[in-house]
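One letter stands for each residue in the lines below.
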Amino acid sequence: MTPSSSIAAPGATPAPEEHHDHHPSYLVDGTTIKSWVLTVDHKRIGLMFLFWVLLFFLVGGIFALLIRVELLTPGPTIMDAMTYNRTFTLHGLVMIFLFMIPAIPAVFGNFLLPLMLGAKDVAFPRLNLLSLYIYLGGAFLALWGMLNGGLDTGWTFYTPYSAHTTTTVAPVLFGAFIIGFSSIVTGINFIVTVHTMRAPGITWFKMPLFVWAIYATSCIQVLATPVIGLLLCLVTVENLFGFGMFDPARGGDPVLFQHLFWFYSHPAVYIMVLPAFGVMSEVVAAYSRKNIFGYRAVAYSSLGIAFVGFFAWGHHMFVSGQSTFTGGLFGVLTMLVGVFTAIKVFNWVGTVYKGAVDFKTPFAYFCGFLFFTVFGGMTGIALGTVSLDVPWHDTYFVVAHFHFIMVGATIMAFLAALHYWFPKMFGRTYHEGWGLVSAALIILGFNATFIPQFLLGNNGMPRRYYEYPERFQALNVASTAGASLLAFGFIIIAMYLTYALVYGKASGKNPWRSKGYEWLSESPPPTHNFVGPQPVFPEEPHFYVDPKKAEVPDAV
Amino acid sequence: MSELLNDILFLPEAASTFAERIDKLHHFVVGTTMVMSTAVGLAALFFFFRYRRRLPAQATEYVVPTLKTEFLFVSVPLVFFLAWFGIGFRDFTWVTTPPKDAMDVYVMGKQWMWKFSYPEGPNGVNVLHVPANRPVRLLITSRDVLHSFYVPAFRIKMDALPGRYTQIWFEATKPGTYQVLCTEYCGLSHSKMLAEVVVLPEEEYENWIKEQRRGRLQDRQDALADNSLVPPVARMVEQGQVLAGTQGCLKCHSVDGSQHIGPTFLGMYDRVEQLEDGQSIRVDEAYITQSMMDPGAHLVAGYQNVMPTYQGKLQGPETAAIVEYIKSLRTPNVREGASEGPAYDAIQ
């Protein structure tokens, strides 16, 4: 600021940021481009991640719509087979590696973790900024490869097809390899932050459940990501120089690839949904003004999912020729993931019991989330039932299942988080009516898109089909109609949130009267999160108890 | 009832013994799932309404679950999940363990078609003829990349892997024509890799086979097929015998029981071999194929690891022919006779 502007004329209307004169909000503390691109503030890094993640979501979404339009008729509709194969590969890659995996941890984890722990920043702020640029570097390398040649293997890169295909494998896989480092770096940073940066009073069992979820996610990221990194390198080398790791014609083993791939990619599902579970634990407590029912059960089940998630990868390979016994073993372990998820669902519903429900937009997303998680989880258990997987494997049933649990649950949580913490991030509020309308549209559109796909799978339509037999058409048309409804919902959200960003009413510090720790600082927070002496956190998060009304027993 | 459920769930016609098992479990799983989700959903809806907020800063009671509640939360789903798993695993074991009296058909996936060969009889492209009410074992492999053999009406699916055989079996219950789809993405024309299974009543099937042997239809189908990929000799055993000679197998393996550089082929199939590493293995299609591709992987005790690999030297059908030849050098043919379901030990 120039010296003249820091002295306000007497009687002048104060500017919005006037209030924090000595501690301006992180949004206005430095306005040059340099102050953003070289920032080490976790909140600014979180916002920059938000920008890119949304951009890639738009790209992935456009490709999803192209796929749905192509599948409107049984034969060719708007593109040829090769373009279609590249389109679904691009859709999968962008959505998984560039949107789903970083969406909640890199945006909301970054923004909220230090606030929820009473810390000034994450443990390694510079490493945090580096993770953003690693992510962007990998993303643009992969996208460059996709546009110059285009990969047609599907996001699973199964060998030996990926070793033989003449499309551009190397830059795309190398891009994904680089993005993996971003994941690892963020994970390490969060783990160290949780271990070392908690304010006095925040014991492990007073941490918000979002922190628990991010912590469990980070453990998976650090342990599993190196495996896919090495695997992607091996496939690249195989494709470029003809190494024989996975190609049986050179003595390799294609099933080895699948083991290594799913050893990462199955836990990666939990990298996507665990943070979503964390967000929902916060949202359900805030809008029903209740302490979490069974806090410890929810916290431990996050760790349980993270742990068991490592031992369930073989359920992707029930019909790959692995032994019958192995199939059974992976089947049982898959059931355990279902049990841990069931614990969470029951405890979320229990949290509403005797609460005081305020049916705001994020809570509407919680309802959608509950439905998608229960339905997606149950169909997951059905798929884990070994014999049922035989007909369903690699059909649209699987497509619908993973869109329900991975995409449905994550999108619900991402939108709930965006709405719940919008005032925290920008100090402004959005239009509640539009919020509820678009939430209804999105939930409806999502169901209309993917419920027909369960039925398509039952009926026997394999995934990744450019053309399909006539009898599948009606359900495909229904699915495409649902997808357009879904897209419409997203357009409305983009419009009213952008409007709120500029013209939204000032929200004040804590518009939801939430007792989450993050609301103890200003909204938007100042650069170092908390002004004054080190904050202390005497109560557990989401403690809405009326002291006159109830005695407080020990939590189970 | 189950017909109605199948219609609601868009399930295709159930035309195999396995399909009946699958559908029963499917109904059970969908039924309990629906009841449980509805219960959870209704409870949630009731709570949303009953406990709606009346004052902006309303305080709530501190409610935590008892240990009993948490125990219920864990045990109820676990019991159901394990029950489903138990039934599912039993059926899975059943479908991956072919009965000994099953009729064998070799299936080879190739970008982008399915080829079928019968040990004694014709070859076919994209049309598989099988008799009704008789177990059929499919020995599945691929010539290039991964494919997956899927017949929705039979509810069976198995991946086709290059350089390896996988197996699955079925018993068709209704004569008719059923679609075969490829479910493992295999490149440009993945979605055009369709075939059909023609299930014939036993008698018609016998007639069909006889006709094939006479070579009338065979010629027609060969003309349609890509001839370079179909063994020119219809009888795989004969072709295998020729190949065993030309590929040099018989330089080291005898066919009369005498020991040479390698184990004799006579009676090798289905024999339990003692391995160099102390373990033992039953010689089946998978083991014979592996021994051709990677001879040192499971060396039979008492032999040197001197055999060269045939990886890349033999095409899929050639491998199948040699396997069939080795199989023909065993004692009784258990393929004859009616099916009595899974029989793990052949009744001699």
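Looking at an unreviewed UniProt entry, one finds chain B named cytochrome-c oxidase, with Corallococcus macrosporus DSM 14697 as its source organism. Listed under Subcellular location (unreviewed entry) in UniProt, the entry text for chain B is "Membrane". Per UniProt, chain B has the following entry under Function (unreviewed entry): "Subunits I and II form the functional core of the enzyme complex. Electrons originating in cytochrome c are transferred via heme a and Cu(A) to the binuclear center formed by heme a3 and Cu(B)."

Under the annotation held in an unreviewed UniProt entry, chain A carries the name Cytochrome c oxidase subunit 1 and is attributed to Corallococcus macrosporus DSM 14697. Per its UniProt entry, chain A bears the Pathway (unreviewed entry) comment "Energy metabolism; oxidative phosphorylation." In its Sequence similarities (unreviewed entry) section, the UniProt entry covering chain A states "Belongs to the heme-copper respiratory oxidase family."

1. Regarding the side chain of R53 of chain B
Along the chain, the position of R53 of chain B falls in the loop between α2 (17-50) and α3 (67-96). The class for R53 of chain B is buried, based on a relative accessible area of 17%. Side-chain polar atoms of R53 of chain B contact the backbone oxygen of A286 of chain A, separated by 3.5 Å. Within the structure, the side chain of R53 of chain B is placed 3.0 Å from the backbone oxygen of Y287 of chain A, a separation counted as a polar contact. Not counting residues within four places of it along the chain, the set of residues in contact with R53 of chain B comprises A286, Y287, S288, R289, A356, V357, D358 and W512 of chain A together with Q58 of chain B.

2. Some thoughts on a nonpolar patch on the surface
Together, F51, L55, L58, I62, L66, V69 and I78 of chain A make up an exposed nonpolar region whose accessible area comes to about 590 Å². If you trace the backbone, F51 of chain A turns up in helix α3 (residues 42-70).

3. Topic: the sheet that holds strand β7 (residues 156-160) of chain B
All names here are of chain B. Read from one edge of the open sheet, five strands run β4-β10-β9-β6-β7, paired in mixed fashion. Two strands close off the open sheet at either side, each with one partner strand: β4 (127-131) and β7. Taking the axes of each pair of neighbouring strands and ignoring which way they run, one obtains an average angle of 25° across the sheet. As judged from the five bridges shared by strand β6 (residues 147-151) and β7, these two strands associate in the antiparallel manner. Bridge pairing in β7 links S148 to D159.

4. Comments concerning the interface of chain B and chain A
Interfaces are frequently sized by the accessible area removed from exposure as the parts join. Contacts between the two partners involve 78 residues from chain B and, on the opposite side, 101 residues from chain A. Ionic pairing is found between R53 of chain B and D358 of chain A, a salt bridge with its closest N-O pair at 3.8 Å. Along the contact surface separating chain B from chain A lie 28 residue pairs in polar contact (both at pLDDT 80 or more). Of all elements in the fold, only α2, α3, β7 and β9 (176-182) of chain B reach the threshold of two or more residues within the side of chain B that touches chain A. Considering every element that reaches the side of chain B that touches chain A, the biggest residue donor is α3 of chain B, with 16 residues. Along the lines of polarity and charge, the residues of the side of chain B that touches chain A split into 48 nonpolar, 18 polar and twelve charged.

5. Observations regarding the nonpolar core
Counting residues in each nonpolar core, the largest one holds 245 residues, and the members touching the most others are F108 and F366 of chain A together with W114, L138, F149 and F154 of chain B. The greatest single-element share of this core, amounting to 24 residues, is contributed by helix α4 (residues 81-117) of chain A. Shared between two domains, this core holds at least three residues of each, these being domain 1 (1-45 + 65-96) and domain 2 (103-208) of chain B. Apart from residues no more than four positions distant in its own chain, F108 of chain A is found in contact with A103, L113, F210, F414, A417, L418, W421 and M425 of chain A. Judged by nonpolar contacts, the second largest core, of 28 residues, contains F265, L275, M293 and V323 of chain B.

6. Quick look at the confidence of the model for chain B
Residue and element names in this part refer to chain B. Taken over all residues, the pLDDT of chain B has a mean of 84, while the share at 70 or more is 88%. Segment residues 227-234: pLDDT under 50, and 22 contacts once partners within four positions in sequence are set aside and those in other chains are kept. Confidence drops under pLDDT 50 across residues 332-348; counting only partners more than four residues distant or on other chains, this segment forms 29 contacts. Reported confidence for the predicted complex is 0.89 by ipTM and 0.85 by pTM.

7. Description of the sheet that holds strand β1 (residues 103-110) of chain B
Residue and element names in this part refer to chain B. Ordered by their spatial adjacency, five strands build an open sheet running β3-β2-β1-β5-β8, and the pairing between neighbours is mixed. At either end of the open sheet lies a strand with only one pairing partner, and these are β3 (123-125) and β8 (166-170). Across this sheet, the average inter-strand angle for adjacent strands is 25°, counted without regard to direction. Judged from the five bridges that link them, strand β5 (residues 136-142) and β8 form a sheet pairing that is antiparallel. Bridging across to β8, V136 finds its partner in F170.

8. A short note on the domain arrangement of chain B
Domain annotation for chain B reports domain 1 (1-45 + 65-96), domain 2 (103-208) and domain 3 (236-329). In this structure, domain 1 of chain B and domain 3 of chain B have C-alpha centres spaced 45 Å apart.

9. Thoughts on the packing of helix α7 (residues 170-196) of chain A against helix α8 (residues 209-241) of chain A
Residue and element names in this part refer to chain A. Following both chains from N to C, one finds α7 and α8 inclined at 155°, their axes separated by 8 Å at the closest point. One finds that α7 runs roughly antiparallel with respect to α8. Relative to α8, α7 is oriented so that their crossing is left-handed. Classifying every residue of the contact of α7 with α8 gives 19 nonpolar, nine polar and no charged.

10. Focus on the packing of aromatic side chains
Under the defined criterion, the tally for this structure stands at 87 aromatic pairs over all chains. Relative to F261 of chain A, the ring of F257 of chain A lies with its centre 5.7 Å away and its plane at 15°, an arrangement referred to as stacked. Residue F257 of chain A and its partner F261 of chain A are both found in helix α9 (residues 254-288); the two are separated by four residues, about one turn of the helix. Classification of F261 of chain A as buried rests on a relative accessible area of 0%. Between F422 of chain A and F426 of chain A, the aromatic rings sit 4.9 Å apart at their centres with planes inclined by 55°, giving tilted as the arrangement. One end of the pair is F422 of chain A and the other is F426 of chain A, both in helix α15 (residues 422-426) and four residues apart, which spans about a single turn. The exposure class of F426 of chain A is buried, given its relative accessible area of 17%. Over the face of the ring belonging to W94 of chain B we find R21 of chain B, whose NZ or CZ atom lies 3.9 Å from the ring centre. Over the ring of Y150 of chain B we find K157 of chain B; its NZ or CZ atom is 4.0 Å from the centre of that ring.

11. Some remarks on the environment of V352 of chain A
Inspection of the secondary structure puts V352 of chain A in helix α11 (residues 324-352). For V352 of chain A, a relative accessible area of 1% corresponds to the buried category. Spatially, the C-alpha atom of V352 of chain A lies 44 Å from that of Q322 of chain A, the residues being 30 residues apart in sequence. Residues in contact with V352 of chain A, not counting those within four places in the same chain, are V284, S288, V357, F363 and F366 of chain A together with F47, F48 and Y51 of chain B.

12. Thoughts on the pattern of salt bridges
Pairing is possible between side chains that carry opposite charge, provided their charged atoms lie close to one another. As enumerated under the stated definition, the model contains 21 salt bridges over all chains in all. One salt bridge connects E61 of chain B with K354 of chain A, and the closest N-O pair in it is separated by 3.9 Å. Taken as a pair, E61 of chain B in the loop between α2 and α3 and K354 of chain A in the loop between α11 and α12 (361-384) lie in two separate chains rather than in one. For E61 of chain B, a relative accessible area of 31% gives the class partly exposed. The partly exposed category is assigned to K354 of chain A, whose relative accessible area is 30%. Three or more residues joined by partner-sharing salt bridges are found here, namely D104, R137, E285, E324 and K327 of chain B.

Calculation criteria
- Residues numbered from 1 in each chain as written.
- Chains lettered and ligands numbered in written order.
- Predicted model: local features only at pLDDT ≥ 70, side-chain atom pairs only at ≥ 80, totals over all residues.
- Heavy atoms only, no water.
- UniProt positions renumbered as here; feature names shortened; annotations may be inferred.
- Helix = DSSP H or I, 4+ residues; strand = E, 2+ residues; numbered from the N terminus.
- Buried < 20%, exposed > 50% of the residue type's maximum accessible area, 1.4 Å probe, protein only.
- Polar contact = N/O pair within 3.5 Å; in protein donor to acceptor, adjacent residues only side chain to side chain.
- Contact = heavy atoms within 4.5 Å.
- Patch = residues over 30% accessible without salt bridge, like charges linked within 9 Å, V, L, I, M, F, W, Y side chains within 5 Å.
- Areas by Shrake-Rupley, 256 points an atom, 1.4 Å probe, with all protein chains shown as cover.
- Salt bridge = Lys/Arg side-chain N within 4 Å of Asp/Glu carboxyl O.
- Pairing = 2+ DSSP bridges.
- Axes fitted to C-alpha atoms, helices over the stretch in contact; angles between N-to-C directions.
- Nonpolar A, V, L, I, M, F, W, Y, C, P; charged D, E, K, R; others polar.
- Core = buried A, V, L, I, M, F, W, Y, C linked by side-chain atoms within 4.5 Å.
- Domains from an automatic or database assignment.
- pLDDT = per-residue confidence, 0-100.
- Parallel < 35°, antiparallel > 145°, perpendicular 65-115°, else oblique.
- Left-handed = near helix turned anticlockwise from the far one by under 90°.
- Phe/Tyr/Trp six-rings, centres within 6.5 Å; stacked < 30°, edge-to-face > 60°.
- Lys NZ or Arg CZ within 6 Å of the ring centre and 35° of its normal.

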